[in-house]
Structures are given as structure tokens and as C-alpha cells.
Amino acid sequence: MSFFKQSFRRSAEKILFAAVILAVGILIAWHLYKAAKIEEARRDFAAKGFPASFAEPLAHLKFAYPMWQFELLPVSDLSWDAILEKEMTPSWNLVVYADWAPDEWNVLKEKNYTPYYAKDAKAYDSGSWYQASRETVAYFMDPRNWLNARDVFMFETLGFDAASQTPDAVEQTLSKTFMAKSRVDGGKQTFAELVHATGSKLGVSPVFIAGRLASEQGLGSAQSFGTIGDTLFAYATNTTGKIGNADIWGKRYTKDNPATKAVLEKGLAAYNGFYNFFNFRAYGRGTFEIKYNAWVEATSEETKAKYLGPWDTQAKAIEGGALKIKERYIDTHRHTRYLQKFSVLPAAGEFRWKQYMQNIAAPLVEARNTAKAYEAAGTLDAPYRFLIPVYKKMPQSASPDPAKGKSIYSSSR
């Protein structure tokens, strides 16, 4: 009996040893295959004109997602430094007030200023936004910082693709907003259904439209609930002059000046019942001016003539707003999330340098939400097309993160 046990044990040990050897061999072969395919992709990207600092991360992405297509988008008429200097125009690139920042970033001893703020920390709009530093603009503008499987979607082209941009992906993009599984104007159609149908009709990615809605509205605002009038009058009776950290009044509108009185004289009914989901023209000094300007856009003559206005229903505001984004941005060589923030292409002509948003992190946030939506919908392996800007005379390596990887905006997060 002991003989049979020993024989069985020896056989088992031999089989186990052979299995280990086989597994190791398969693992080595896999790594050799992976290295060869990545090197092949790296050489292919280099042959297409991508510098080495682009080709390496792109090769890894191509191996992980073989269906993805990456195209070089040259920005060659001006140098990197010249464009960076242009992007330092005051108020072009802003960082939100960061109450989430660690204590060691409290450099001005009054508020939690992150390393992304400029040294003078000048406030803009409602007082909740601050000028980004030069190092911060370089970090966010440098495409090499975002060549990973999540953040790369800031370079995704924004055309319509029925196979990947499914209703489920749209619903997932809206999942953390007030629009999640909710109905438009209290009717039968959900916001996801309206957005998907609008994107299909316009030939624009409905996932992009949903992402922009999520970015601009989130849990909702006066612009999405039709209560701009209620908000303006609440501001007028506010005794503190602030809403949270934001200032109500600015240079043009103060509590009792003639401009403010002229607005209020029209009464609540003049402003309620209008919507501006994409926050067109919603800027200014102080929240009063921002909300008022949002109403002006919703009722403007241009909106009436070109974009289904006045936006007196949620549906018209979404459909008309999406049409405006298509005509004013996507059709004018600002056809990725990145290019709507950094409008750097000479081909944009008169629209060059005219960005959609001041929030420097907006394309990054939208890209990450998009990747999550595609993953949840099971379409992450679809043949997405990415346009990767490459600038003239760029630094040899990617621009460093001023927050050293500790920020919610760090590429490693």
C-alpha cells in the first residue's frame, strides 16, 4: 500500500511540475507576444509622426484596445510655448474653489488653495473660480498626460455611432444627475430617450450630449428647472450677498443699482418657465448676472431664429442647445471634448481661441464619465476614433502635475 502511495505521490509531483513549467512557459510566451505587439504598434505610431513620448503610451492603449483608432492632429503653426502663453489670457482657464484640498495646500492661509491656482489667486465669475497657474494650464493642455484608458476619451470624436452610443450608455452617463430615469417636461419621454434621439438626428454622440448635460447641470439648477425668476428674486432679498462661497453681486449688478432694478421690474413671470441646460452665456461677475444671462440666451432673437427658441420647455432647450453645440463647435473644428476647451486648431478660423468652457478640468471630468458609461454599457471595445493633438516644439516629456498626483484631477487617479 505504501508503494502505491509513494508512486501516486511521485506521479502527482511530476504532473504538478509539468503544469508549473507549462504555465511559466505560457506566461513567458504571453509577455513576449505582448512586448512584440506593443513594439510593433510603437513603431507604427512613430511612422505616422507621433513623437516617442506619444507613441509609447499609445502603443499600450492600442494593445489593450485593438479596435481603437488614433490619429495625429498637428498644431504646427505656433509653438507650444506660444499657445501656452495665449492660453494664459486672464479668465480663460479657471479652477474651482477647492474645499477638498489637503491642509498642506493652504498656502494663502485663508482658503484651501490648491497647487493649481495662480499665485495671485484672482477670483472670477461668482467668486468660486480662480485663475489657473501656467504650470496648471500646461499640465491640463498636454495630451500626453491623458493617454490612458479613461482620460483618452477627451480626444474622442463626437460623431454618432449607434453600435457604441447605446441608450444604456446615455442613461449611465445621466445616472448621477436629476435627469436619471426622469421624464422630460413631466411627459412620457425620459431624458435619456430624448438625448439619444437628438444625437441620432443631429449625427452627434448622445453620450457626449449627456456628458455635457451632466457637467453643466448635475443635480439641477434654475436653468434646468425653469426657476430663473425665483432665483433672481431670492438673490435680491438675500441679506448676506453670498450663496455659499459665491458672490451674488458683481460690477454690473449690485443690490440696488439701476441695472438690477430694471431686471426685477419685469417680475417673476418674465423669467420663470425658461431653460438653458447647456449654460450658454451663463457667465458674469456674481451669480445674479450669471443667472440673468442664462435667461437672456434662452429668449434671445438668435435662439428663436436658429435654435428652436425660445427655450420655454426642457425638450426645446436640450434639442436647441445640442443643435447649437453642433453648429457652433463640432462643425467648426472643435469636434472633441479637448478642442472645446482648448480651441487651438488654425482650421477653426474665426472660432480659434473661442472655448466652450472656462473650467480647465471639464474635458477630463467628461472623459472619465464617458469611459464609465461605455464600460457599464459593455461597449468599451467598440472602434472609437481619437484625435490626438501634437504641438510644435513641445517639451521632451509630459508637463508635470502641480499637485504631484494627489488631486482628484491627477492622471493617476
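Right above here is the structure, for reference.
Let me sum up the structure you'll find in this document. (Residues numbered from 1 in each chain as written. Predicted model: local features only at pLDDT ≥ 70, side-chain atom pairs only at ≥ 80, totals over all residues. Heavy atoms only, no water.)

### Here we look at the overall build of the chain
As a reminder, the rule being used: The helix count covers DSSP runs of H or I at least four residues long, the strand count covers runs of E at least two residues long, and both are numbered beginning at the N terminus. The buried label goes to any residue with under 20% of its type's maximum accessible area, the exposed label to any with over 50%, and the partly exposed label to all in between, with areas taken from a 1.4 Å probe on protein chains only. Should any heavy atoms of two residues lie within 4.5 Å, those residues are counted as being in contact. We count Lys and Arg on the positive side and Asp and Glu on the negative side, and we leave His and both chain ends out. Charge positions come from single atoms, namely NZ of Lys, CZ of Arg, CG of Asp or CD of Glu.
A count of helices and strands for the chain gives 15 helices and seven strands. Across its three principal axes, the chain shows a C-alpha extent of roughly 100 × 50 × 45 Å. Relative to its 413 residues, the chain shows a buried fraction of 51%. Residue pairs in contact within the chain that sit at least 24 positions apart in sequence constitute 70% of those at least 6 positions apart. Within the chain, one finds 52 positive and 43 negative side-chain charges whose respective centroids are separated by 3 Å.

### A look at the pattern of salt bridges
To keep it simple, the criterion reads: Think of a salt bridge as a Lys or Arg side-chain nitrogen and an Asp or Glu carboxyl oxygen that are within 4 Å of each other.
Summed over all chains, the structure comprises 18 salt bridges. A salt bridge links Lys-37 to Glu-40; the nearest nitrogen and oxygen atoms lie 3.6 Å apart. Highlighted residues: Lys-37 and Glu-40, both in helix α1 (residues 2-47), separated by three residues, approximately one helical turn. Classification of Lys-37 by relative accessible area gives partly exposed; the value is 33%. Residues Arg-144 and Asp-142 are paired through a salt bridge, measuring 2.9 Å at the closest nitrogen-oxygen approach. Each member of the pair Arg-144 and Asp-142 is classed as buried. One continuous salt-bridge network, built from bridges that share partners, spans Glu-297, Glu-302, Lys-324 and Arg-328.

### Some details on the nonpolar core
Which entries qualify depends on this criterion: Take the buried residues of types Ala, Val, Leu, Ile, Met, Phe, Trp, Tyr and Cys, join any two whose side-chain atoms come within 4.5 Å, and each joined set is a nonpolar core.
Counting residues in hydrophobic clusters, the biggest one holds 112 residues, and the most contacted among them are Trp-68, Phe-140, Phe-153 and Phe-277. Considering each element in turn, this core owes the most residues, seven residues, to helix α11 (residues 287-299). Not counting the four nearest positions on each side in its chain, Phe-277 is found in contact with Phe-178, Met-179, Phe-191, Leu-213, Glu-216, Gln-217, Gln-223, Ser-224, Gln-314, Ala-317 and Ile-318.

### Details of the sheet that holds strand β4 (residues 129-131)
Quick note on the threshold: Two strands form a pair only when DSSP identifies at least two bridges running between them.
The strand order β2-β4-β3 describes an open sheet built from three strands, whose pairing is antiparallel. Single-partner strands in this sheet number two, and they are β2 (94-96) and β3 (123-124). Strand direction decides the pairing type here: β3 and β4, joined by two bridges, are antiparallel. Bridging from a neighbouring strand, Tyr-124 pairs with Trp-129 of β4.

### Observations regarding the environment of Ala-348
Residue position: Ala-348 is located in the loop between α14 (337-341) and α15 (362-377). Separated by 17 residues in sequence, Ala-348 and Asp-331 place their C-alpha atoms 9.1 Å apart.

### A short note on the packing of helix α9 (residues 228-236) against α11
The criterion, for reference: The axes are straight lines fitted to the C-alpha atoms, using for helices just the contacting stretch, and the angles between their N-to-C directions are given from 0 to 180°. In what follows, roughly perpendicular refers to angles from 65 to 115 degrees, roughly parallel to angles under 35, roughly antiparallel to angles over 145, and oblique to any angle outside these ranges. Crossing handedness follows the turn of the near helix against the far one: under a right angle anticlockwise gives a left-handed crossing, and clockwise gives a right-handed one. Only Asp, Glu, Lys and Arg are considered charged in this grouping, and only Ala, Val, Leu, Ile, Met, Phe, Trp, Tyr, Cys and Pro are considered nonpolar; every other residue, Gly among them, is considered polar.
Where α9 meets α11, the axes come as close as 10 Å, and the angle between the chain directions of the two elements is 155 degrees. Between α9 and α11, the interaxial angle falls into the category roughly antiparallel. Relative to α11, α9 is oriented so that their crossing is left-handed. Listed contacts from α11 to Ile-228, Thr-231, Leu-232 and Tyr-235 of α9 are Thr-287, Phe-288, Lys-291, Tyr-292, Ala-294 and Trp-295. A per-class count over the contact of α9 with α11 returns seven nonpolar, two polar and one charged.

### What to know about the packing of helix α7 (residues 206-217) against α15
Each pair of packed helices can be described by the angle between their axes along with the distance between the axes. Running from N to C, α7 and α15 cross one another at 130 degrees; their axes reach a closest spacing of 10 Å. Taken together, the axes of α7 and α15 are oblique relative to one another. When the axes of α7 and α15 are compared, the crossing they make is right-handed. Residue-level contacts link Val-207, Phe-208, Gly-211, Arg-212 and Ser-215 of α7 to Glu-366, Thr-370 and Tyr-374 of α15. Considering only residue class, the contact of α7 with α15 consists of three nonpolar, three polar and two charged.

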